[in-house]
Amino acid sequence: MDRLIAGHLRFRTETWPSARARYEDLAQKGQAPETLVVGCSDSRVDPQTVFGAGPGELFVVRNVAGLIPPYRPDAGYHGTSAALEYGVRVLKVARIVVLGHAQCGGVQAMVQGAPREARDFVKPWMEIAETVLASIPAQAQGDERLHHCEMEIVRLSLANLATFPWIADAVAAGRLMLAGFRFDIRTGILMRLQGDGFVPVA
Ligand SMILES: [Zn+2]
């Protein structure tokens with residue numbers, strides 16, 4: 001806990017003086033982020049860091065594997081869908097970004113089996129993406145199987161976004177665009193989904 005408090009004190013002394021005006025402005029006017037990011041909870045893939053963004057710029061949803069479930073308005077507890085609803089219908093973001101990443105533990109749990117301690121929720125959550133397992137090329141081995149699924153999950157999440165009627169409507173009306181990315185933790189390279197494949201952004 002001391003480490004967290006020390007980190008906050010560093011923020012107050014080093015960051016706050018120059019960021020104060022920005023925070024005060026955001027407090028007064030409210031947030032108006034243009035981008036909603038759906039990313040993984042993985043501690044190494046912070047969307048604000050990856051996109052070099054500051055406070056007020058990104059409306060972020062993080063869950064295991066950065067998955068978007070299909071539209072299913074029932075009595076279940078839909079945290080990710082609730083964040084999508086608020087971001088798209090209330091904040092009226094202009095774009096939704098799905099941020100996948102390499103070495104994803106959620107994908108690993110789906111491909112290789114969930115750890116015994118992660119079967120109450122992780123296993124059923126990852127079932128959202130199980131259809132990508134069928135698309136693994138027969139010749140793929142080891143990490144190739146994981147890489148394939150990490151990328152296909154971004155595609156699947158983008159497809160699931162389109163099942164939300166108010167997202168499909170906003171996209172059709174040109175008010176909202178959808179994009180997929182993949183961040184490689186080891187190299188720091190960000191790739192964007194373009195057509196059939198992922199292409200480095202620089
Ligand atoms: Zn992950």
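The following paragraphs examine the structure supplied in this document. (Residues numbered from 1 in each chain as written. Predicted model: local features only at pLDDT ≥ 70, side-chain atom pairs only at ≥ 80, totals over all residues. Heavy atoms only, no water.)

Under the definition given, this model contains one cavity of 30 Å³ or more. Estimated volume of the largest cavity: approximately 70 Å³. Surrounding the largest cavity, Ala65, Gly66, Val98, Leu99, Gly100, His101, Cys104, Val107, Glu150, Ile153, Val154 and Ser157 form its lining. Counting residues per element, the ones that place at least two in the lining of the largest cavity are strand 3 (95-101) and helix 6 (142-161). By residue class, the composition of the lining of the largest cavity is seven nonpolar, four polar and one charged. (1 Å grid on protein atoms, 1.4 Å probe; cavity = no way out; pocket = protein on both sides within 12 Å on 5 of 7 lines; lining within 4 Å. Points joined across faces, edges and corners; volume = space filled by probe spheres on them. Helix = DSSP H or I, 4+ residues; strand = E, 2+ residues; numbered from the N terminus. Nonpolar A, V, L, I, M, F, W, Y, C, P; charged D, E, K, R; others polar.)

Looking now at the nonpolar core. Here is a general trend for soluble globular proteins: nonpolar side chains tend to be buried in one another's company. Judged by nonpolar contacts, the single largest core of 22 residues is most densely connected at Leu36, Leu84, Ile96, Leu161 and Ile167. Setting aside residues no more than four positions away along its own chain, leucine 161 makes contact with Ile68, Leu84, Ile96, Val98, Ile167 and Leu178. Grouped together as the second largest cluster of nonpolar side chains are 16 residues, Cys40, Leu67, Ala129 and Leu156 included. (Core = buried A, V, L, I, M, F, W, Y, C linked by side-chain atoms within 4.5 Å. Buried < 20%, exposed > 50% of the residue type's maximum accessible area, 1.4 Å probe, protein only. Contact = heavy atoms within 4.5 Å.)

Their axes nearest at 10 Å, the elements helix 4 (residues 105-112) and helix 6 cross at an angle of 115 degrees. Like other packed secondary-structure pairs, helix 4 and helix 6 cross with a definite hand, here right-handed. Note on element contacts: helix 6 touches helix 4 through Arg145, Leu146, Cys149, Glu150 and Ile153, opposite Val107, Gln108, Met110, Val111 and Gln112. Counted by class, the contact of helix 4 with helix 6 contains six nonpolar, two polar and two charged residues. (Axes fitted to C-alpha atoms, helices over the stretch in contact; angles between N-to-C directions. Left-handed = near helix turned anticlockwise from the far one by under 90°.)

Attention now moves to the layout of surface pockets. Within this model, the largest pocket holds a volume of roughly 310 Å³. As for the largest pocket, its lining consists of Pro69, Pro70, Arg72, Tyr77, His78, Gly79, Thr80, Ser81, Phe121, Pro124, Trp125 and Ile128. Listed by contribution, the elements that provide at least two residues to the lining of the largest pocket are helix 3 (79-90) and helix 5 (122-126). Ranked by residue count, the leading element in the lining of the largest pocket is helix 3, at three residues.

In short, shape yes, function no, at least from these values alone.
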